Amino acid sequence: MNQTNRLIAALLCTLSLGAVAATDDLTKEVHIAARSQEADIKNKRVVYNGPVVVTQGSIKILADELSASQGDGETILIATGKPATYTQTLDNDRPATASANEIRYNISKRVLTLVGAAEIEQDGSKVTAPRIVYDIQLQQMKAEGNQNPDDRVHTVIKPENFQNDVKQERQKSDEQQQDKEQPES
């Protein structure tokens, strides 16, 4: 595998929107299709001009341009488009998607930053905002808006998703209560 593909493979092997990402994806080959490719090996930078399609198993990135660079101990991938999109099928066979005008992934820090018409959707629920930062390792997301009503954070939660969470919390609480009530032997 050449230097360019190693950089992209490193991205795909570490990028996942959910904790239950399809583990099979990480063992698949990385395929990149683009109109053109420019590589500056000395400066560790590769640019794919699009449309660009990157696939690895169920992972798919679509962008107008994709650039990968290394420097200062960090590896960064930037996909741009109107919008650029990232999709992956999770182990539960449900898709997770992210889209934005710019998807910036800092592989070293494992932080995904979506800028401009940013959106993350999973299990029918979604978050949209001008900017979304997702720390993959910590599984923490921060969506940021501003004072303009059109540029606020919007969240849509499917009722069945919320009901399932409430049901699981009640079941957990009931189990804990039963454990307390049972006499010790």
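Above this text sits the structure in question.
Summarised in this report is the structure supplied together with it. (Residues numbered from 1 in each chain as written. Predicted model: local features only at pLDDT ≥ 70, side-chain atom pairs only at ≥ 80, totals over all residues. Heavy atoms only, no water.)

1. Some thoughts on the environment of Gln140
Positionally, Gln140 belongs in strand E9 (residues 140-144). Exposure remark for Gln140: the relative accessible area of 48% places this residue in the partly exposed category. Each C-alpha atom of the pair Gln140 and Val111 lies 9.6 Å from the other, and the pair is 29 residues apart in sequence. Contacts of Gln140, omitting those with residues within four sequence positions, involve Val133, Tyr134 and Asp135. (Helix = DSSP H or I, 4+ residues; strand = E, 2+ residues; numbered from the N terminus. Buried < 20%, exposed > 50% of the residue type's maximum accessible area, 1.4 Å probe, protein only. Contact = heavy atoms within 4.5 Å.)

2. Notes on the pairing of strand E3 (residues 45-56)
Regular strands have side chains that alternate between both faces of the sheet. One ladder, built from 3 bridges, connects strand E1 (residues 31-33) with E3; its direction is antiparallel. Across the sheet, residue His31 finds its bridge partner in E3, namely Thr55. Direction of pairing for strand E2 (residues 36-40) relative to E3: antiparallel, over a ladder of 5 bridges. When the sheet's bridge partners are listed, Ser36 is paired in E3 with Asn49. If you look at the hairpin formed by E2 and E3, you'll find 4 residues sitting between the two strands, and Lys44 has a positive phi there, around 55°. Pairing of E3 with strand E4 (residues 59-71) involves 10 bridges; the strand directions are antiparallel. Within E4, the position partnered with Arg45 by the bridge is Ser69. A loop of 2 residues connects E3 with E4, the two strands running antiparallel in sequence, and Gly57 in this loop sits at a positive phi of about 60°. (Pairing = 2+ DSSP bridges.)

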